[in-house]
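# Structure assessment
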There are 2 protein chains.
Amino acid sequence: MECFEVNILGCGSALPTTRHLATSQVVNLRDKLYMIDCGEATQVQMRRMRIKFSRLNHIFISHMHGDHCFGLPGLISTLGMLGRNGELVIHGPKETETYLRPILNTFCRELPYPIRFNHIAPDQHELIWEDRSVSVYSIPLKHRLPTSGFLFAEKAKEAHIIKEMTDFYQIPVRLLPSIKRGEDYITPEGERIPNGRLTRPASTPKKYAYCSDTAYYEKIIPIIEGVDLLYHEATFASEDAARAKETFHSTARQAAEIARKANVKRLVIGHYSARYEELHTLKKEADEIFPGTILADEGMTLTV
Amino acid sequence: MECFEVNILGCGSALPTTRHLATSQVVNLRDKLYMIDCGEATQVQMRRMRIKFSRLNHIFISHMHGDHCFGLPGLISTLGMLGRNGELVIHGPKETETYLRPILNTFCRELPYPIRFNHIAPDQHELIWEDRSVSVYSIPLKHRLPTSGFLFAEKAKEAHIIKEMTDFYQIPVRLLPSIKRGEDYITPEGERIPNGRLTRPASTPKKYAYCSDTAYYEKIIPIIEGVDLLYHEATFASEDAARAKETFHSTARQAAEIARKANVKRLVIGHYSARYEELHTLKKEADEIFPGTILADEGMTLTV
């Protein structure tokens, strides 16, 4: 699978409504799942959206507010009941472990799989996870308590072999991996066949940035510069800008401003305050600065 | 309001499915709300069912399994954000407080209302709460860890004054409360008017019993004898009776057996295992022993 997509499980703010749930997303990169935040009812949303529990190995927690992590105990228990045995890695501020340890000791004493905590420093922009498919970096945000966004940078994929050409030159199968990685082919006669004649380049690796919760914060711009998709919180409309400032949240206009200044390709906003019955105002405000802004919604899947 | 009803917020067992959520119920007695258990997503269900957060003052926790209490941190936070200032009482095994205290200290440091824990002894049948409307008793159950059911016994209501009669005898208003409580009236001439001529009796007080989670356990029968409505767990069908025994749960047949032996008026079953796609078998099994058994479902409201 070559897919790189973001599933929106919940995009409301702290007060759940009949319209929106607490924050959670699942990034699907080549069929490996990476969860970002895990508000209450996340596991219920996974069921509804038919997201495979067994493919989830990493959970990234942005900060220690309940609407971003109260779904963890239930999800962790469920993974155990489903017979998981592979390690689950939880990346987050060290308080994530402080919060979960006593709960695990009380409710999950017989968990059939190990949990590893990867403590991240929310005030640092650094590589926090890397595997064959992706590099994940922290993005220091500006909120009421230490908070980190996450940058998912897909790794370069191998080039595609042009079978007609490798057949034509009778290239031995054992050499194909090196051809995929970009090497030229030297024929038995010593002729050099440039790699460009043997392969089609893979698609350019994509980037997804998740920034929630945060006040308007220009320091993130160099980190998220040019990403293919940016999720930026937009808790408030501009008429509530004072409230946004007070609570270290952003308005839809500020989210769009960040997106525009960072030259991102697409912007999706979320983390809506419960006060807005409908979201036309947020959409209109953002569109004025970043046309085509997407309103996140529960159940939505975005291709990066 | 004279109502006494039970709202089913969730009636699944530990694994949530697309069909059922973790356990929670809200008893509405004369417009005061008493929650029983609080699985994950309970607050979301309250929103959906338009149950008023402000009328909830008591939460009863049956036992320390996650599917009965993982919704507490989110609900407690939400009550704070909604500006609650009245006391919330949480009745449950003492481990309920051990579980919640560190979470409250981390996530709810500025909660605008007090929480009081009423530690109950799950192995005792005793009065655990009493107010003008109701007496609530614990019901010792038989589960893998200390577990208590709850008996809600409505208090006797005052008789209804027959206005034509109190007008006829020109009974002073200050005496009406004593008439409502059942006293006779002595006229200025010394004639005794029997209370039965002045009032119509109030309806008989009702009883609701909640028994989940539990193995088949005949010791509860004298406690729940004759209740108007019994909720009894029925996690399994009889074909999975071995699994029921092993996990200290009941089959639908066993739930019906208890209901029949206790001469309850109506039976509602729930806490269904995720393994059952549909519930015809459970219903059929229970009906054979207790005809008219009700299958609990999310969003259902039952009048006691």
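Residues numbered from 1 in each chain as written. Chains lettered and ligands numbered in written order. Predicted model: local features only at pLDDT ≥ 70, side-chain atom pairs only at ≥ 80, totals over all residues. Heavy atoms only, no water.

- Looking up chain A in an unreviewed UniProt entry gives the name Ribonuclease Z, with the organism given as Macellibacteroides fermentans.
- Under the heading Catalytic activity (unreviewed entry), UniProt records this for chain A: "Endonucleolytic cleavage of RNA, removing extra 3' nucleotides from tRNA precursor, generating 3' termini of tRNAs. A 3'-hydroxy group is left at the tRNA terminus and a 5'-phosphoryl group is left at the trailer molecule."
- In its Function (unreviewed entry) section, UniProt records this for chain A: "Zinc phosphodiesterase, which displays some tRNA 3'-processing endonuclease activity. Probably involved in tRNA maturation, by removing a 3'-trailer from precursor tRNA." (UniProt positions renumbered as here; feature names shortened; annotations may be inferred.)

### Brief notes about the overall build of chain A
- Counting its regular elements, chain A contains 10 helices and 18 strands.
- Its C-alpha atoms give chain A principal-axis dimensions of roughly 75 × 55 × 35 Å.
- Contacts in chain A between residues far apart in sequence, at least 24 positions, make up 65% of those at least 6 positions apart.
- For chain A, the exposed surface amounts to about 13200 Å²; the carbon and sulfur share of it is 50%.
- Charge centroids of chain A, computed over 38 positive and 38 negative side chains, lie 3 Å from each other. (Helix = DSSP H or I, 4+ residues; strand = E, 2+ residues; numbered from the N terminus. Contact = heavy atoms within 4.5 Å. Areas by Shrake-Rupley, 256 points an atom, 1.4 Å probe, with all protein chains shown as cover. Lys, Arg positive; Asp, Glu negative; His and termini not counted. Charge placed at Lys NZ, Arg CZ, Asp CG, Glu CD.)

### Observations concerning the UniProt feature "binding site: Zn(2+) 1" (unreviewed entry) in chain A
Residues and elements named next belong to chain A.
- Taking the numbering used here, the UniProt-annotated feature "binding site: Zn(2+) 1" (unreviewed entry) corresponds to H63, H65, H143 and D213. The annotated residues occupy 151 residues of the chain but converge on a single region, no pair of C-alpha atoms lying more than 10.6 Å apart.
- In this fold, H143 is placed in the loop between β8 (134-140) and β9 (148-154).
- Not counting chain neighbours up to four residues away, the residues in contact with H143 comprise H63, H65, D213, T214, T247, F248 and H249.
- Within the structure, the side chain of H143 is placed 3.5 Å from the side chain of D213, a separation counted as a polar contact.
- Within the fold, D213 resides in the loop between β14 (207-211) and α7 (221-224).
- D213 gets classed as buried once you look at its relative accessible area, which sits at 2%.
- The contacts of D213, once residues within four sequence positions are left out, are H63, H68, L141, H143, T147, E233, H249 and H271.
- A polar contact of 3.4 Å, which involves the side chain of D213, links it to the side chain of H63. (Polar contact = N/O pair within 3.5 Å; in protein donor to acceptor, adjacent residues only side chain to side chain. Buried < 20%, exposed > 50% of the residue type's maximum accessible area, 1.4 Å probe, protein only.)

### A closer look at the sheet that holds strand β17 (residues 294-295) of chain B
All names here are of chain B.
- Across the sheet, seven strands lie side by side as β7-β8-β9-β14-β15-β16-β17; this open sheet has mixed pairing. Edge strands, defined here as strands with exactly one partner in the open sheet, are β7 (127-130) and β17.
- As defined by bridge partners, strand β9 (residues 148-154) adjoins strand β14 (residues 207-211) across four bridges and the pair is classed as antiparallel. Of the residues in β14, the one forming a bridge with A153 is K207. (Pairing = 2+ DSSP bridges.)

### Quick word on the side chain of S62(A)
Residues and elements named next belong to chain A.
- Mapped onto the elements, S62 comes out in the loop between β4 (56-60) and α2 (72-81).
- By relative accessible area, S62 is classed as buried at 0%.
- If we skip the residues at most four places from it in the chain, S62 touches D37, H68, P93, P146, T147, S148, F150, Y210 and S212.

### As for the domain arrangement of chain A
- Entries for chain A in the domain assignment read domain 1 (4-157 + 203-294) and domain 2 (160-200).
- The distance between the C-alpha centroids of domain 1 of chain A and domain 2 of chain A comes to 42 Å. (Domains from an automatic or database assignment.)

### Points about the interface of chain B and chain A
- Each partner contributes residues to the interface: chain B has 29 residues there, and chain A has 29 residues.
- A combined buried area of about 2500 Å² lies between chain B and chain A, and 72% of that area is made up of carbon and sulfur atoms.
- Ranking the residues of chain B by area buried against chain A places E40(B), F70(B) and F107(B) at the top, with a combined share of 27%.
- Applying the counting criterion to the chain B and chain A interface returns zero salt bridges.
- The interface formed by chain B and chain A includes six residue pairs in polar contact (both at pLDDT 80 or more).
- Those elements that provide at least two residues to the side of chain B that touches chain A are α1 (42-48), α2 (72-81) and α3 (95-107) of chain B. (Buried area = accessible area lost by both parts, 1.4 Å probe. Salt bridge = Lys/Arg side-chain N within 4 Å of Asp/Glu carboxyl O.)

### Regarding the relation of the copies chain B and chain A
- Mapping chain B onto chain A leaves a residual RMSD of 0.1 Å; the transformation is a rotation of 180° accompanied by 0.0 Å of translation along its axis. Between the two chains, the operation in question is that of a two-fold axis. Using C-alpha coordinates, one finds that chain B approaches the rotation axis most closely at A41(B), a distance of 2.6 Å.
- The fraction of interface residues of chain B whose copies in chain A are also interface residues reaches 100%, indicating that both copies meet through the same surface. (Least-squares fit on C-alpha atoms with pLDDT ≥ 70 in both.)

### Focus: the nonpolar core
- Membership of the largest hydrophobic core comes to 59 residues, with the highest contact counts inside it found for I76(A), Y99(A), I76(B) and Y99(B).
- Non-local contacts of I76(A), meaning those with residues more than four positions away in its chain, are made with L88(A), I90(A), L100(A), L104(A), C108(A), L111(A), Y113(A) and I115(A).
- The next biggest cluster of nonpolar side chains, apart from the first, holds 56 residues, and it includes I120(B), Y231(B), A259(B) and Y272(B). (Core = buried A, V, L, I, M, F, W, Y, C linked by side-chain atoms within 4.5 Å.)

### Digging into the packing of aromatic side chains
- Across all of its chains, the model carries 17 aromatic pairs over all chains by this definition.
- Arranged with centres 5.9 Å apart and planes meeting at 70°, the rings of Y34(B) and F152(B) form a pair that is edge-to-face. Highlighted residues: Y34(B) in strand β3 (residues 32-38) and F152(B) in strand β9, separated in sequence by 118 residues. Across the pair, exposure class does not vary: Y34(B) and F152(B) are buried alike.
- Three or more aromatic residues link up through ring pairs in this structure, and these residues are Y34(A), F60(A), F150(A), F152(A), Y210(A) and Y231(A).
- A cation over a ring is seen here: R84(A) above Y113(A), with NZ or CZ 5.3 Å from the ring centre. (Phe/Tyr/Trp six-rings, centres within 6.5 Å; stacked < 30°, edge-to-face > 60°. Lys NZ or Arg CZ within 6 Å of the ring centre and 35° of its normal.)

### Comments concerning the environment of H280(A)
- By the secondary structure assignment, H280(A) is in helix α10 (residues 280-289).
- Placed 18 residues apart in sequence, H280(A) and E298(A) show a C-alpha to C-alpha distance of 17 Å.

### Some thoughts on the side chain of T96(A)
- Following the sequence through the fold, T96(A) ends up in helix α3 (residues 95-107).
- If we ignore the near neighbours within four places in the chain, the residues touching T96(A) are I61(A), M64(A), L72(A), I90(A) and F117(A).

### Comments concerning the UniProt feature "active site" (unreviewed entry) in chain A
All names here are of chain A.
- In the numbering used here, UniProt assigns the feature "active site" (unreviewed entry) to D67.
- In this fold, D67 is placed in the loop between β4 and α2.
- Given the relative accessible area of 11%, D67 is considered buried.
- If sequence neighbours within four positions are ignored, D67 has contacts with S13, A14, A22, T23, G39 and H271.
- Within the local environment of D67, its side chain forms a polar contact with the backbone nitrogen of A14, the two atoms lying 3.4 Å apart.

### Considerations on unusual backbone geometry
- Geometrically, the link from S212(A) to D213(A) is a cis peptide bond, its omega value of -5° lying close to zero.
- In this structure, R50(B) is a non-glycine residue whose phi angle is positive, near 55°.
- When you line up the elements, R50(B) lands in the loop between α1 and β4 (56-60).
- Take R50(B): its relative accessible area is 68%, and that puts it in the exposed class.

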